[in-house]
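# Survey of secondary and tertiary structure
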Amino acid sequence: MATFKLLLLPGDGIGPEVTREVEKIVSWFGKRGIASFETERDLVGGAAYDAGKVAITDDAMKRAQAADAVLFGAVGGPKWADVPYEHRPEAGLLRLRKELGLFANLRPAICYPALAEASSLKREVVEGLDIVIVRELTGGVYFGEPKEIVTLENGQKRGVDTQLYTSGEIERIARVAFELARQRRNKVSSAEKNNVMKTGVLWKQVVTKVHRDEYPDVELEHVLADNCAMQLVRLPKQYDVIVCDNLFGDILSDVAAMLTGSLGMLPSASLGAEDRESGKRKALYEPVHGSAPDIAGKGLANPIAMIGSFAMALRYSFGLGEAADMLERAISDVLASGARTKDIAGPGTNAVGTGEMGDAIVKELERM
Ligand code: IPM
Ligand code: MN
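Not measured: the values here are computed from a predicted model.

## Topic: the side chain of His289
Its location among the elements puts His289 in the loop between β12 (281-285) and α10 (304-316). Those residues in contact with His289 that lie beyond four places of it in its chain are Ile14, Val18, Ala74, Leu263, Gly264, Asn302 and Ala305.

## Considerations on the site of ligand 1
Every residue near ligand 1 is listed here: Glu90, Arg97, Arg107, Arg135, Tyr142 and Asp250. For ligand 1, an oxygen atom lies 2.7 Å from a polar atom in the side chain of Arg97. Between ligand 1 and the protein, one listed contact pairs an oxygen atom with a side-chain N or O atom of Tyr142 at 2.5 Å. The protein chains hide 77% of the 320 Å² of surface that ligand 1 would expose on its own. When its residues are assigned to classes, the shell around ligand 1 shows one nonpolar, no polar and five charged.

## Re the pattern of salt bridges
Inspection of every chain in the model, using the stated rule, returns 27 salt bridges. Put simply, Glu286 and Arg97 hold a salt bridge, and the shortest N to O gap is 3.1 Å. Of this pair, Glu286 sits in the loop between β12 and α10 while Arg97 sits in helix α4 (residues 89-99), placing them 189 residues apart in sequence. Of the two residues, Glu286 and Arg97, both sit in the buried class. Through salt bridges with shared partners, a single network forms among Asp130, Arg184, Arg185 and Asp240.

## Considering the domain arrangement of the chain
Each assigned domain of the chain is listed here: domain 1 (1-111 + 265-368) and domain 2 (130-259). Taking only C-alpha atoms into account, the centre of domain 1 sits 24 Å from that of domain 2. Each partner contributes residues to the interface: domain 1 has 19 residues there, and domain 2 has 22 residues. Around 1,700 Å² of area is buried between domain 1 and domain 2 when both sides are counted, 65% of it from carbon and sulfur atoms.

## Describing the environment of Val352
Its place among the elements puts Val352 in the loop between α11 (321-336) and α12 (354-366). Along the primary structure Val352 and Leu115 are separated by 237 residues, whereas in three dimensions their C-alpha atoms are 15 Å apart. Not counting residues up to four positions away in its chain, the partners in contact with Val352 are Arg340, Thr341, Lys342 and Met357.

## Here's the deal with the packing of aromatic side chains
All told, the structure shown has eight aromatic pairs when counted by the stated rule. Here the aromatic rings of Tyr165 and Trp203 are separated by 5.5 Å at their centres, their planes lie at 75°, and the arrangement is edge-to-face. Within this pair, whereas Tyr165 is found in the loop between β7 (157-162) and α6 (167-182), its partner Trp203 is found in helix α7 (residues 198-214), the two being separated by 38 residues in sequence. An aromatic cluster is present here, built from Phe4, Trp28, Phe29, Phe37, Phe310 and Phe318 joined pairwise through their rings. If you follow Lys98 out to its NZ or CZ, it ends over the ring of Phe143, 4.7 Å from the centre.

Thresholds, definitions, all that
Residues numbered from 1 in each chain as written. Chains lettered and ligands numbered in written order. Predicted model: local features only at pLDDT ≥ 70, side-chain atom pairs only at ≥ 80, totals over all residues. Heavy atoms only, no water. Helix = DSSP H or I, 4+ residues; strand = E, 2+ residues; numbered from the N terminus. Contact = heavy atoms within 4.5 Å. Near = heavy atom within 4 Å. Polar contact = N/O pair within 3.5 Å; in protein donor to acceptor, adjacent residues only side chain to side chain. Areas by Shrake-Rupley, 256 points an atom, 1.4 Å probe, with all protein chains shown as cover. Nonpolar A, V, L, I, M, F, W, Y, C, P; charged D, E, K, R; others polar. Salt bridge = Lys/Arg side-chain N within 4 Å of Asp/Glu carboxyl O. Buried < 20%, exposed > 50% of the residue type's maximum accessible area, 1.4 Å probe, protein only. Domains from an automatic or database assignment. Buried area = accessible area lost by both parts, 1.4 Å probe. Phe/Tyr/Trp six-rings, centres within 6.5 Å; stacked < 30°, edge-to-face > 60°. Lys NZ or Arg CZ within 6 Å of the ring centre and 35° of its normal.

What follows is the structure, given as structure tokens:
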């Protein structure tokens, strides 16, 4: 039986609670003999700052580099509003993404039939929705330099962020999107703003060329990012794979999340390039939701995004596609049986807590 090294980084807010639930799932797969996992854990975000005045230590970074996959909870909260900018909780996550080279962020938005009512949109608009946002994750305005606030001669201040992309960065994320589309409904929608941004002009040119040279069999459309946001709430099922830059991907994926009923439902995988020799790739799996400080510690959080992120790890890092299917089916069946955490419970429905939802998913796995 293969053994995989997992690093757990629960982080802040609801991160530790949802991580506790995913640990139940990890140990279930171990006990079942489907795979064995060596788990380690470390601090990230505000928790790391409180312990050592940094958002992640070099030691934790080393463990992340050595792991087969990192499972990341969430970071941030009002408690750390005033820590120095370079040590703010989010800096830990950004360092992980950058130093592990996790350029491809896959954010599938699936509307489970049982949850069509939980969405703020009409049932017919979202029922059966199954799209993936492929977000570029190590470039663009998140990392471009200069990034600063300077004082001008007239005493005013000027804040600067820099959006930049090289053709190589666009090519590699475009390939991820086209490859994924080939395994799905074979359509890629590339979102940018070539009407106002030079990076948008380049993005469109490069995606067009990669398509023509390598993926002519895949359907490609270009869409302005603002229009894409509008189309996502108007007619989301027109999409299959949406590929976009780091900032547009951040925004569009929150929109897509709400189509599924709750931000608490959306898993994600952040993947690096495949190593030529070993065929392995660095990977980090995290729920799209944040640390939700308002409900932290109350046992109300929905652990499904975190558990779904582990399903993605089974598929993309451990080559255990069947186990991933099994886990996704367990989630779907538990929802179909009526279990709801507060975020997805309709009016008059009894909500279960974080731990009960995790237990229900384990129980469902037991029955398979
Ligand atoms: C996300 C989050 C992060 C981002 C934050 C926590 C830095 O919103 O993963 O979508 O902006 O990328
Ligand atoms: Mn976000």
